[in-house]
Structures are given as structure tokens and as C-alpha cells.
Amino acid sequence: MALSGVEIFKHLPKTNCKECGHPTCLAFAMKLAAKQANLDSCPYVSKEGKEFLSSASAPPIRPICIGHGDGSVKLGEETVLFRHEKKFVNPCALALSIDDSLPDTEILKRIDGVKTSEIERVGQKLRVEMISVGHTSSDPSRFSAVVKLIRENAPKIPLILNSKDPAAIESALPHCKGARPVIYAATKDNTEAMVKLAKENSAILGVYAEGLDALSSLTEKIKGMGLDDLVIDPGASTPRRMIEDYTMIRRSAIKKGFKPLGYPIITFTSSKDVFAESMKASIGIAKYASIIVLDSIERWKMLPLITLRQNIYTDPQVPMQVAQKIYKIGDANEKSPLLLTTNFSLTYFIVQGEVENSKVPCWLAIMDVEGLSVLTAWAAGKFTAPKIASFILESGIGDKVARKELIIPGYVSILSGALEEKLNSDWKVVVGPREANALPAFLKNRAA
Amino acid sequence: MPFVVPKENYTGRIYTVEIGTGEKAVKVGGANTLPYLGFEGEIPNPPAIAIEIQDIPAKDWPETLKKPFDGVTDDPAAWARFCEKELGVGIIALRLISTHPDYGDRKPEEAAKTVEAVLGAVSVPLIILGSEHVEKDTQVLKVVSEAAKGRNCIIGKAQEENYKTIAASAMANNHKIIAMSQLDVNLAKQMNILLMQMGFDKERILTDPMSSALGYGLEYTYSVMERIRLAAIVQNDPAMQPPLVSDIGRNVWKAKETIASESDIPEWGSVEERGITFEAVTAISMIMAGSDLLIMRHPKAIEIVKKTINELMER
Ligand code: B12
Ligand code: SF4
């Protein structure tokens, strides 16, 4: 919870010595509250004051980094409850559960599923980031062997070691040296052993307790034992409890500054039915979960889930956009057609994808309309005939194409007359199809 | 530090709107808390789902979506009956798409006949949607409103450019109305106020802030809806308290993700499950953001979302 200037002032020396570069302690406190100054500038603040102020200024939800190297994932650090207030910071990680009772062949298949899960959407490469190793075999050595198998085959993928048996965790940890896995989970019955293992191996500790009362007592106890890199699970297994518990966790941490719940949430969406699992995972994505462990990651299921995550975690203030430019697609030359669209990322990537599908080399003119879609830009007066004409004429593309023909999106066919007038007389405007998925047929027809 | 439930006190409540008549009538809205926060308020009615049918055969629908309606889409009444009897869906949304000048330009009287036939075939509540052609809707919705008198339907959609005639006929024939605006909190409020100013009972309005499909602007709809719900519940703004409608089916089923075959894009997997999940995920996100009534297309997607709704209503 952010402190006010007055609250910070209470912990400063109140001598107004000016050494921090501010006329009074209060003035310095105000700057600190506005995050325009650093506490280190005051040489006289007491040790207690410093401890208090630095813990109060820590992010309400602790940042946690799992894994190592370029496969690692960063979680937590969220500052708001609703995405219109401010961008959600660290997208939740998606994990596939792999059980140690499965035969090795099946395990290898599932590892491969994670490694090849990447889907490209709107210029972003999105994928399943983690693997959770389940322990139903009740044989610690089997658990260890499976962790070893996964580490060998997918060394970059961060792991969740899912067992409440410290012996199993202990036997698997040697395969995770320096890899910062999550140990899931410490419960009230195994706390000491799990905390010890997490500390010795610099692992993240998952903390499980049924309900928020029990969970916050347990995280407090663990923090008292000197461990603060935690992810938490209140055992919410139904959609209703997920929403209620996760909202209470986020609210307590952000609005009340309640530290015992200021950690990223981990959830297991396992369901009898794969569709039901997609619903629970969606709820987790929208409602504050930071790690979502799935029973299966069929491609048809991951496309909607990954898309939802991308939507929820986009910046509400700035639309995703690409640079204004005339892009060359394929081996475009002076005979290739020239198409026009806007610089909204979604629009650009859809159109670019379809032009590539057509296999017809093209010039694609992307006009800067502050990241708006075709119709939105048109309705906002940013995609008008005079503006388009000056963009095209100034771009110099006229010198690169033999036929001065500009293909415009079908939805703005209304612009064609005015645009032809504004462009020099040697230009012709052609109205393309409305939907980009009609572009391949349209372009092939023209080429024929 | 013991855990204290971070409860907030709200003063606002969503209006309860009842549609249809008799045993099959459905109530939507009524909550006095943010979506599914049962620890600080009541959620008396689950979000309702209507299935969309149209007045012309579903020829241009993607294969996945045509399949469950095989053989019934030639006749809107048969289609509607199938949805009620075979699929067990509780609300039907009839889109009079053929009244659009570009899709048949059918006359209001013809549309009224279709509405009568559908009403004759079902006993569940009906949502009657125009083609969203601003001028044509004023003529069509007026006539079909009369034809549906006594059945307590939802008529939609009234927009800023055409709400007066549509609202007047909905009012005269005792229907509910959908007020649509374009993805903007203030415009949504403005639309409700305009209706109230002409004497339309605020408790007979449903707000459509304009929906989009997952991946195609969903984040805008999601946040606009969350903000409307906060204004209604936290700030107790009476002009923001009508239930929210999400008309998602038609957006979802034109997205490439629901249509492209597996052979075209192997990395997206099976087209059938993908399309269904895409619609269901769109729906559940709208429910998280506050939707009280969804208009959807695929029966399996509806079934999946309904199961989750049941779990959301259990404490
Ligand atoms: C999300 C959205 C917004 C977002 C902006 C998102 C963004 N970054 O652009 C917000 C909320 C900000 C917004 C605002 C407004 N919006 Co708006 N918005 C939409 C919405 C729901 C989706 C737009 C979208 O993302 N489409 C997806 C992209 C990919 O589509 P696209 O760019 O058109 O590209 C497709 C085709 O055009 C084609 N294509 C693209 N390029 C090319 C090129 C060639 C050569 C070819 C052949 C094809 C082609 O391929 C693509 C896929 O098929 C639409 C309604 C809808 N469902 O479409 C309304 C819509 C575009 N908005 C509309 C309006 C009126 C507005 C506002 C003026 C309203 C207001 N609230 O004041 C404002 C204006 C903004 C401003 N003043 O800054 C209207 C436009 C009406 C019209 N016909 O002119 C629409 C159509 C809604 C409606 N039905 O009334 N909007
Ligand atoms: S240096 Fe410290 S004690 Fe001196 S004025 Fe600044 S805040 Fe006050």
C-alpha cells in the first residue's frame, strides 16, 4: 500500500537539515510519496524508520521469478484490481501437468507438447511456459526420475514440483540445481521440512491451505522462518470460490496492504471435462491467478486461452501498434499490387497474414492512425482521403510501382472517389474486399 | 496480523428485468454486488443465455455451426422449436437479418409474419433483433413490436440515431428494449438517459455496450462493462443499472479462429472444438465483466457455459 507524504514524514528525523537537497523533511517526504526521491538521500533516517519505509514501499504483490535464463517467468507486482485503471503487469504463466505415474513415452509426448506450444498472435509469440510434475506414484524415486527426464528434455522450462511429501521433493531437487523451481506445496503438516528444502535450494515455495485465514497464518509463519519467495493457493476448486478467494487476496494485498496474502496465486484447473477446464482457466486468467496448471493443452484449447491472456494483459491506454511504413511482402517488385491499411497491430497482422497466404508478392502501406482499426480510424477522422493521399504521395511508393493503383479496405469503399481526387491524376483507387480473409482469392484473381 | 475479509459496502443494485410470460418467463439482473462476489451481496439470478436464430437459412455460417442445426434452418419457426424442445434452451433471439437492404430488404410486414410464426412455435421468451440498419430498423421493429404484443419480448437494438420510434413502439406494446452504444461508458449512459427522458421505464432497459469477439477487441468491451458495473454498484448510478447484454455469437463466428480448417492452420488444432471453445471463452469473460444476458450461437458452447454458470451460482 502506498504511503502518504504525511505518513512517511512521521518516520523521518524532522530536523530539516536540508542535506537531502530539500528544504524540510516534510518536503522530502512529499517527494518520496510521489516516488520522485530516494530514501537513501537522507543520511539521518533511523534503522527502524528505514525498515518500515522500505517494507511499506515494496510492491503489494511480491515479484517472483521462476526458472532461470531465457525460459524464466516473472510473476506478481500487480498494482490494481481492474485493468482499465492501469496495465496488468506480469501475464499469468500457463503450465501443463505431467504425472509421474504416466509411462515415459507419454511423458515425453507431453514435454514435446509444451515445447511446441508456441502460437503467434498479433506479433507476439505466446506459449505454455511451465511444467508441473505431479506425484501420484507415491514412489519418491520415480518422482525424481521423472523430474530428471523432464530436465534433460526441456532444460529451459521452469518446473513446479507437485508433491506434499518432502522426501519426494528432496529426491527431485538435485536435478533442479540453479533452476529455481516451485515446490508445491508447504502445508501446515510439512512446513518445517518444506521451508528448509526451499531455502537450501533457493526454490520458490508454494503454500497451500484451505481458506484465507489458514493460508495467511501459514505464510506469516513461513515468512517468520525467513522465506519470502512464495506463491499461494487457498484451495479454491470451484469457479465461484476462485473468483471470491482471488478477489479477496488481490484486494487485501493492494487496498489493505495485507502482506500475508501479497503473493502470486497458483491454481490447478483440473476438471473431469476438458471444456470445463477451459472455463476455469479463463476465470483464472481474468481473475488474478498468476500460475494456471492445466491437465491438457490441446492446441484448439490453448488458442482461445492464450488469446484471452493477451487481451486481459494489454495496455488499456495504448493500443498495440506498428510503425508507419510501406512494407514489402514476398518478392514485391514494380508490378506488384499496393494495398493500404492502418497501423493497429491487430489489423496489420491479420492483413499481412492473409497477403502472405495469397503467395502474391505485395506492397503493404501501413498508415499511422494512432493504432486504430480501419473503421475506428475512419470514424475518428484519422483515415480520411486527404490524409491517406498525403501519406501515399509523401511515401515515394509511386516511384516504385509501374501501375499507380491503390487497393483500399472494402469497409472504407466510401473513400474511393475523394481519394482518387486527392491523389495525383495518374493514380487509381481500387476497392478491395471487406474482410481480409477474402484477400487471397482477390489477389490471385488479379494476378491471373 | 489476522486475515479480515476485505468486504466493501455497496449501495447500488442492478434492476431485475423479467422477459417472456408464464412458466417459462426468465428474470435477469438483480445483483447488488460485483460479479460473483457473493460474500458481499446477493446474486439472485444467474446470467441467462439466449440462442440466436435468424429469418433466413444459415447458409453462410461456418460448418461447425451449421451442423447442430442441420435441416431446421429453412424455417425460423421449426428452428426455434428445435432450440426449445431438442436443445432445451430457455430464450431465443431471432435476428431479422433479411430486412437489411443488402441481405434481402424484406418488408416489415414479412418480418412480422416470421415473428408471429416463431412466437406460435415456442413458449420461451423471445428477443427480437433487427438488422442494425439504422433506418430500416425503425420501420421493422415498430411493426414486429405490435405483432409480438402480449409476449413481453426484448426488442433491439435502439441506437442514438433511431431510438425514438423503436422505444415508442416497444413501450406501447409492453416490451423490454436493448439500448446499444459504441464501446464507451459515457455513451452507454447517455443512451439509457435518452430513453428515460422519453418516459421509457428504466427498469425495462437492457444495455448493450457493444460486444466483440475474443481477440478482436474483447479487452475494450471487457473494461467498458467493468466500468459500467462499478458505476452501477459502487457509485449507485441509476442510469447505469440496467442489466448488460452481450451479443457475442455473430462476432465470434466470423473470426478466423472459429472458421479456419485444421489443414489450413495445423497449429490451431481441431476446428470444431476450437470454435466452440472460442465462443465459450468469450462468453465466460463477458460474464466475469458483468454480463447478465448473452446471445450465443453454438449449442455445445452454450451447454459448457451453462455448466460453469451453475457452479458460479453455488456457494
Ligand atoms: C474495438 C473498437 C473500438 C476501440 C478502438 C480499437 C482500436 N484500436 O481501433 C475504441 C473503444 C477506442 C473505439 C472507439 C470508437 N469507435 Co469503435 N469499434 C471497435 C470495434 C468493436 C472493433 C474494431 C476492431 O478492432 N476490429 C478488428 C480489426 C482487425 O478490423 P479492421 O481494422 O477493420 O480490419 C479488418 C478489415 O477492415 C480488413 N482490412 C483491413 N485492412 C485492409 C486492407 C485491405 C486492402 C483490405 C482489402 C482489407 C482490409 O481486414 C480486417 C479483418 O477482416 C468495431 C466494431 C466491430 N465489431 O468491428 C467498432 C467501430 C469500428 N467503432 C465505431 C465507432 C463509431 C467508434 C467511435 C467513433 C465511437 C465513440 N465511442 O466515440 C470511437 C472513435 C475512436 C476515437 N475517437 O478515438 C464504428 C464505426 C462505424 C462506421 N461504420 O464508421 C464501429 C464499426 C462500431 C459500429 N458498428 O458502429 N472503437
Ligand atoms: S536529510 Fe533527512 S533529516 Fe535532513 S532534511 Fe532531509 S529528510 Fe530531513
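Think of each chain on its own: its residues are numbered from 1, step by step along the sequence as written. Lettering of chains starts at A and numbering of ligands starts at 1, both following the order in which they are written. Where totals are concerned, whole chains, interfaces and linings use all residues; where local detail is concerned, this predicted model gives features only for residues with pLDDT of at least 70, and gives and counts side-chain atom pairs only at 80 or more. Each side-chain value is worked out from all heavy atoms of the structure, with water and hydrogens disregarded.

Engineer: How do you make sense of helix H11 (residues 299–313) of chain B when you look at a structure like this?
Structural biologist: For an α-helix, the turn length of 3.6 residues means that residues three or four places apart are oriented alike. The helix count covers DSSP runs of H or I at least four residues long, the strand count covers runs of E at least two residues long, and both are numbered beginning at the N terminus. The span expected for a helix works out to 1.5 Å for each residue beyond the first. Compared with an ideal rise of 1.5 Å per residue, which puts 15 residues at 21 Å, H11(B) spans 21 Å between its outermost C-alpha atoms and is within 8% of the ideal. In this scheme, a residue with accessible area under 20% of its type's maximum is buried, one over 50% is exposed, and one in between is partly exposed, where area comes from a 1.4 Å probe on protein chains only. The set of residues buried in H11(B) consists of B:Pro299, B:Ala301, B:Ile302, B:Ile304, B:Val305, B:Thr308, B:Ile309 and B:Leu312. By the convention used here, residues are in contact when the closest approach between their heavy atoms is within 4.5 Å. Tucked inside the fold, the buried residues of H11(B) contact helix H9 (239–255) and helix H10 (274–286) of chain A together with strand S3 (48–54), helix H10 (271–289) and strand S10 (293–296) of chain B.

Engineer: Looking at this structure, I do not really get the environment of A:Phe442. What am I missing?
Structural biologist: Residues and elements named next belong to chain A. As for its position among the elements, Phe 442 is in helix H16 (residues 439–447). Spatially, the C-alpha atoms of Phe 442 and Gly 432 are 7.6 Å apart, while their sequence positions differ by ten residues. Setting aside chain neighbours within four positions, we find Phe 442 in contact with Ile 407, Val 430, Val 431, Gly 432 and Pro 433.

Engineer: What is the right way to look at a nonpolar patch on the surface in this model?
Structural biologist: Residue and element names in this part refer to chain A. Residues enter patches when they are more than 30% accessible in relative terms and free of salt bridges; like-charged ones are connected within 9 Å and nonpolar ones (Val, Leu, Ile, Met, Phe, Trp, Tyr) within 5 Å. With residues, only the protein chains shown are counted as cover, and all accessible areas are computed by Shrake-Rupley using a 1.4 Å probe. We define a salt bridge as a side-chain nitrogen of Lys or Arg found within 4 Å of a carboxyl oxygen belonging to Asp or Glu. Together, Leu 375, Trp 378, Tyr 411 and Ile 414 make up an exposed nonpolar region whose accessible area comes to about 380 Å². Mapped onto the fold, Ile 414 is located in the loop between strand S16 (405–408) and helix H15 (416–422). In this structure Ile 414 comes out as exposed when scored by relative accessible area, which is 61%.

Engineer: Got a minute to help me understand the site of ligand 1 in this structure?
Structural biologist: Here a residue is near a molecule or strand as soon as one of its heavy atoms is found within 4 Å of it. Not every one of the 34 residues close to ligand 1 is listed here, only the nearest: A:Thr341, A:Thr347, A:Ser373, A:Glu435 and B:Gln182. With respect to ligand 1, the chains having nearby residues are chains A and B. Contact distances for ligand 1 include 2.7 Å between an oxygen atom and a side-chain N or O atom of A:Glu435. Take B:Gln182: an N or O atom from its side chain is 2.5 Å from an oxygen atom of ligand 1. Going through the elements one at a time, strand S14 (338–342), helix H12 (345–358), helix H13 (374–379) and S16 of chain A are the ones with two or more residues in the shell around ligand 1. Side-chain classes are defined by residue name, with Ala, Val, Leu, Ile, Met, Phe, Trp, Tyr, Cys and Pro counting as nonpolar, Asp, Glu, Lys and Arg as charged, and the others, Gly among them, as polar. Split into classes, the residues belonging to the shell around ligand 1 amount to 24 nonpolar, seven polar and three charged. A 3.5 Å cut-off defines polar contacts: any pair of N or O atoms within that distance qualifies, except that in protein one atom must be a possible hydrogen donor and the other a possible acceptor, and neighbouring residues in sequence count only when both atoms are side-chain atoms.

Engineer: So what exactly am I meant to see when it comes to the sheet that holds strand S6 (residues 154–158) of chain B here?
Structural biologist: Sheet strands pair by backbone hydrogen bonding; their relative direction is either parallel or antiparallel. Residues and elements named next belong to chain B. Strand pairing is defined by DSSP finding a minimum of two bridges between the two strands. The strand order across the open sheet formed by eight strands is S8-S7-S6-S5-S4-S3-S10-S9, and the pairing between neighbours is parallel. Of all strands in the sheet, those bounded by a partner on one side alone are strand S8 (205–208) and strand S9 (245–247). Each strand axis lies, on average, 25° off the axis of its neighbour in the sheet, ignoring direction. As defined by bridge partners, strand S5 (residues 126–129) adjoins S6 across three bridges and the pair is classed as parallel. Looking at the pairing, Ile 128 lines up with Ile 155 of S6. Along the sheet face, helix H3 (residues 108–121) touches strand S4 (91–95) and S5 and points at about 165° away from the line of S5. The axes used here are C-alpha line fits, helices contributing only the stretch in contact, and every angle between their N-to-C directions lies in the interval 0 to 180 degrees.

Engineer: Could you clarify how one ought to interpret unusual backbone geometry in this entry?
Structural biologist: Residues apart from glycine generally show negative phi values, whereas peptide bonds are mostly found in trans. Residue A:Ala185 follows A:Tyr184 across a cis peptide bond; omega there is 5°. Relative to the elements of secondary structure, A:Ala185 occurs in strand S8 (residues 182–186). Going from B:Gly156 to B:Lys157, the amide bond is cis rather than trans, its omega being 0°. The topology assignment puts B:Lys157 in strand S6. The backbone phi angle of A:Tyr288 is positive, close to 80°, even though this residue is not glycine. Positive phi, normally seen in glycine, also occurs at B:Leu183, with a value near 50°. With respect to the helices and strands, the residue B:Leu183 is situated in the loop between strand S7 (176–180) and helix H6 (185–197).

Engineer: Can you walk me through the pairing of S3(B) in this structure?
Structural biologist: Working note: regular strand, side chains alternate between the two faces of the sheet. Residue and element names in this part refer to chain B. For S3, a buried count of seven out of seven residues is recorded, marking the element as mostly surrounded by other parts of the structure. Looking at chain direction, S3 and S10 are connected through four bridges and run parallel. Note that in S10 the partner of Ile 51 across the bridge is Met 296. In this sheet, S4 lies alongside S3 in parallel orientation, the contact comprising five bridges. Counterpart to Ile 53 in the pairing with S4 is Leu 94.

The quantities given are spatial measurements derived from coordinates; they are silent on function.
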